[in-house]
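Structure assessment
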Amino acid sequence: MKTQQPITSEQEHRVLEFRPRNPAHAPGRQGYPPKPSDRDRARPEPNDLSRYERARDEPDDFRHRMLANVAAIAFTVALMAIGIWLVVSIADMRKTQDCVLMGRRDCAHLYAPNM
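One structure accompanies this document, and this report is about it. Since the model is a prediction, treat every value here as computed from it, not as a measurement.

Here we come to the overall build of the chain. If you tally the helices and strands in the chain, you get 2 helices and 0 strands. Sorting the 115 residues of the chain into buried and exposed places 2% on the buried side. Of the roughly 12700 Å² that the chain leaves accessible, carbon and sulfur atoms contribute 59%.

Printed below as a string of structure tokens:
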């Protein structure tokens, strides 16, 4: 029995050159970002976070922050409780539906009051 070997050609295995989308690179250094000059170092980063900083003169409102944290934790716990209740009720409905589809007659849960 003959074994089949894949046919390989030079066109199948070739390395593609990475070309960046923006032409901001220096002509002699293709593929690398340009070296920062002294003029570029003095300029601040365009996406720095200084606009979100508050002055040190303003005191932090710890009470407000703690109340916000407690509210976030309470919301998260409530969301988790609702999710767990939903999972349990869906599983219970699935069990009841499987029981009914098997043709059984004692699938319903009947709760008798205590006398």
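The next thing to look at is a nonpolar patch on the surface. Taken together, the side chains of Ile 82, Trp 85, Leu 86, Ile 90 and Met 93 make up a nonpolar region of the molecular surface, amounting to roughly 570 Å² of accessible area. You can see Leu 86 is positioned in helix H2 (residues 62-101). Looking at Leu 86, the relative accessible area reads 42%, which means it is partly exposed.

All right, on to the state of the cysteines then. Applying the stated rule across the entire model yields 1 disulfide. Bridging Cys 99 to Cys 107, the disulfide has an S-S length of 2.0 Å. Around the S-S axis, the bridge from Cys 99 to Cys 107 shows a dihedral of about -80° and counts as left-handed. Taken as a pair, Cys 99 and Cys 107 share a single burial class, namely buried.

Right, let's talk about the pattern of salt bridges for a bit. All told, the structure shown has 1 salt bridge when counted by the stated rule. The salt bridge partner of Asp 106 is Arg 104, with a shortest N-O separation of 3.6 Å. Residue classification places Asp 106 among the exposed residues on the basis of a relative accessible area of 55%.

Moving on to H2. If you check H2, its first and last C-alpha atoms are 58 Å apart, about what 40 residues at 1.5 Å a residue would give, namely 58 Å. Gly 103 occupies a position one or two residues after H2 and carries a positive phi of about 90°.

Scoring rules and cut-offs
Residues numbered from 1 in each chain as written. Predicted model: local features only at pLDDT ≥ 70, side-chain atom pairs only at ≥ 80, totals over all residues. Heavy atoms only, no water. Helix = DSSP H or I, 4+ residues; strand = E, 2+ residues; numbered from the N terminus. Buried < 20%, exposed > 50% of the residue type's maximum accessible area, 1.4 Å probe, protein only. Areas by Shrake-Rupley, 256 points an atom, 1.4 Å probe, with all protein chains shown as cover. Patch = residues over 30% accessible without salt bridge, like charges linked within 9 Å, V, L, I, M, F, W, Y side chains within 5 Å. Salt bridge = Lys/Arg side-chain N within 4 Å of Asp/Glu carboxyl O. Disulfide = S-S within 2.5 Å. Expected span 1.5 Å × (residues − 1).

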